[in-house]
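# Breakdown of the fold
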Amino acid sequence: MEDTSSGITTLDPLGGRHLRVGIISPYSFETPGGVQLHIRDFAQQLMKRGHQVQVLAPGRRTNDMPLWVQTTGSSFAVPYNGSVANLSYFGSAGRVTRQWVRQGRFDILHLHEPEVPSLSHKPLIRGFAPCPYVATFHASFDTYPLAMRITRPYLRSYLANIRQAICVSPSALQTAEHILTDRIDTQIIPNGIDAGFFRKATPEREWEGRPGAPTIGFLGRMKEERKGFRILAQAAPTILAAMPGVRFLCAGDGEKEAREMLRDIDPDLSKHFLFLGRISDDDKASFYHSLTMYIAPQTGGESFGIVLTEAMAAGCPVVASDLQAFRDVSQEGTSARLFAKGDPMDCARVILELLGRYDSRRDLADRGRRRAMDYDWNHVTDRILQVYAKALEEGVPGRRGWNPLRRATVTASPGR
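Here the structure is a predicted model, which is why all the values come from computation and not from measurement. (Residues numbered from 1 in each chain as written. Predicted model: local features only at pLDDT ≥ 70, side-chain atom pairs only at ≥ 80, totals over all residues. Heavy atoms only, no water.)

### What to know about the pattern of salt bridges
This is how the line gets drawn: For this document, the term salt bridge refers to a Lys or Arg side-chain nitrogen within 4 Å of an Asp or Glu carboxyl oxygen. Relative accessibility thresholds used throughout: buried, under 20% of the residue-type maximum; exposed, over 50%; partly exposed, between the two (1.4 Å probe, protein chains only).
By the definition in use, this model includes 22 salt bridges. Measuring nitrogen to oxygen at the nearest pair gives 2.9 Å for the salt bridge that ties Arg371 to Asp374. Relative accessible area serves as the criterion here: at 15%, Arg371 is assigned to the buried category. When its relative accessible area of 43% is taken as the criterion, Asp374 is described as partly exposed. Several salt bridges converge on common partners, so that one network encompasses Arg221, Glu224, Arg226, Lys227 and Glu302.

### A few points about the nonpolar core
How we decide: Put simply, a nonpolar core is a bunch of buried Ala, Val, Leu, Ile, Met, Phe, Trp, Tyr and Cys residues held in one set by side-chain atoms that sit within 4.5 Å of each other. Secondary structure follows DSSP: runs of H or I at least 4 residues long count as helices, runs of E at least 2 residues long count as strands, and numbering of each begins at the N terminus. We call two residues in contact when some of their heavy atoms are within 4.5 Å.
Grouped together as the largest cluster of nonpolar side chains are 63 residues, with contacts concentrated most on Leu109, Phe137, Phe287, Tyr288, Tyr294 and Leu308. Looking at this core, the element that brings in the most residues is helix α10 (residues 306–313), giving 5 residues. For Leu109, the residues in contact, after removing those within four places along its chain, are Gly22, Ile24, Trp100, Val101, Pro123, Cys131, Pro132, Tyr133 and Val134. If you look at the next biggest cluster of nonpolar residues, it comprises 34 residues, including Leu19, Val35, Ala85 and Ile108.

### Observations concerning the packing of helix α7 (residues 229–242) against helix α8 (residues 255–265)
Stated precisely, the cut-off is as follows: As a rule, the C-alpha atoms of each element are fitted with a line to give its axis, helices using only the stretch in contact, and angles between N-to-C directions run from 0 to 180 degrees. Left-handed describes a crossing whose near helix is turned anticlockwise from the far helix through less than a right angle; right-handed describes the clockwise counterpart. Each residue is assigned to one class: nonpolar for Ala, Val, Leu, Ile, Met, Phe, Trp, Tyr, Cys and Pro, charged for Asp, Glu, Lys and Arg, and polar for all the others, Gly among them.
One can describe the packing of α7 onto α8 by two numbers: an axis separation of 10 Å at closest approach and a directional angle of 35°. With respect to the hand of their crossing, α7 and α8 are arranged in right-handed fashion. On the side of α7, the interface is formed by Phe229, Arg230, Ala233, Gln234 and Pro237, while α8 contributes Ala258, Met261, Leu262 and Ile265. Considered class by class, the residues forming the contact of α7 with α8 number 7 nonpolar, 1 polar and 1 charged.

### Focus: the sheet that holds strand β1 (residues 20–24)
Stated precisely, the cut-off is as follows: Pairs of strands are assigned from DSSP output, requiring at least two bridges between the strands.
Across the sheet, which stays open at both edges, the 7 strands sit in the order β3-β2-β1-β6-β7-β8-β9 with parallel pairing between neighbours. With partners counted over all chains shown, the strands left at the sheet margins are β3 (69–71) and β9 (185–188), one partner each. The sheet shows a mean angle of 20° between the axes of neighbouring strands, direction not considered. Along the sheet face, helix α1 (residues 34–48) touches β1, β2 (52–57) and β6 (108–112) and points at about 175° away from the line of β1. Its contacts with the sheet put helix α2 (residues 93–104) on β1, β2, β3 and β6, and the angle it makes with β1 is roughly 170°.

### Description of the packing of α7 against helix α12 (residues 344–355)
Here is the rule we go by: The labels follow the angle: roughly parallel below 35 degrees, roughly antiparallel above 145, roughly perpendicular from 65 to 115, and oblique for the rest.
Relative to each other, α7 and α12 sit at 45°, their axes nearing to 8 Å. In terms of axis orientation, α7 runs oblique to α12. In this structure, the crossing between α7 and α12 has a hand that is right-handed. Together, Ile231, Leu232, Gln234, Ala235, Thr238, Ile239 and Ala242 of α7 and Pro344, Met345, Cys347, Ala348, Ile351, Leu352 and Leu355 of α12 make up the contact between the two elements. Looking at side-chain class alone, the contact of α7 with α12 contains 12 nonpolar, 2 polar and no charged residues.

### Some words on the packing of aromatic side chains
Worth spelling out the cut-off: Between rings of Phe, Tyr and Trp, where Trp is taken as its six-membered ring, a pair exists when centres lie within 6.5 Å; planes separated by under 30 degrees are stacked, by over 60 edge-to-face, and by other angles tilted.
Taken as a whole, this structure holds 17 aromatic pairs when the rule is applied. An angle of 70° between the planes, with centres 5.4 Å apart, marks the rings of Phe304 and Tyr375 as edge-to-face. Taken together, the residues span a long stretch of sequence, with Phe304 in the loop between β13 (293–296) and α10 and Tyr375 in the loop between α13 (358–372) and α14 (377–394) at a distance of 71 residues. What makes Tyr375 buried here is its relative accessible area of 6%.

Spelled out as structure tokens, the structure:
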């Protein structure tokens, strides 16, 4: 199959067969997050290839949710891995989830973060396996949580019905290995991006850097300490002392908290920061294209680094903290420049070095652009479909001779 928009040849491990795929998110779609965006984009890739997809998530429906996303109607917020997760676990959550699985008559059920106490945990009860299960593990922890150490025997037993496991990065694999048995086939497949979408975007004139007035970008939830806005804010005075015309463009939630951080550092600092709030996908692509440099100053809790790959695909030079996940994406600092995690002065040093060297920024952008192609959805979807094919060949435990590939149809309409 040929992708005419990008010229990239895609594979079809299923031999032309179209599947009914059920995907369960542990997190509500009401609040944007990396797992939810991954599920949304992957579902769209499947539908482009003719597969039928339904998604189940906690929480309430919002006006912008696709019709193929169904929700349980409620969720509760809990602190999780340095953030706040909206989950659904108690009451009727299990019954509703398993009923949705039965009614979907899926060929594959794809569970995201099944170790999390939420919806994707619910189909794994003993005696309930209507189709093969594939699971994707996203989380990475700087220190493995005590709760997961205590519940490890339970989780290893509970996850035994999974046929194939995917980890989005080496960091996520290190976490998942604690709770997966050796018999579960596990491989690393990264999150995907539409590299062509980011590559083809156009800059926004108001955001563009210019000689003597470069723009430095940040995207993320600024009130979450692990996203590292405070590190960038603490680096800003040093950067401005050397180059007073620098502007900092910040997209995402948490402007109030961010302004408070800036006031604590220097009351005059906020005049150099422009807060954009949440931005659309189109604006995000233009945002990356407009920047002189993108900064990812996260301090922990990152298993991948999707914003790095997006910025690199747009041809934006990237500076990132040296988290293991970012080292993996950047090929140990080859396609993005790294600084010491949590060190504002080292962050400022690296930024100023690049601001003073146009050739270095250009070369870094070129290396990043090439690296981003490794994460294009065409390649990532091919690899996930190969995992689906393996799971279907194995079938369902206890259901001898059952092979969903034989009954998969070729007439499924996308997105039904």
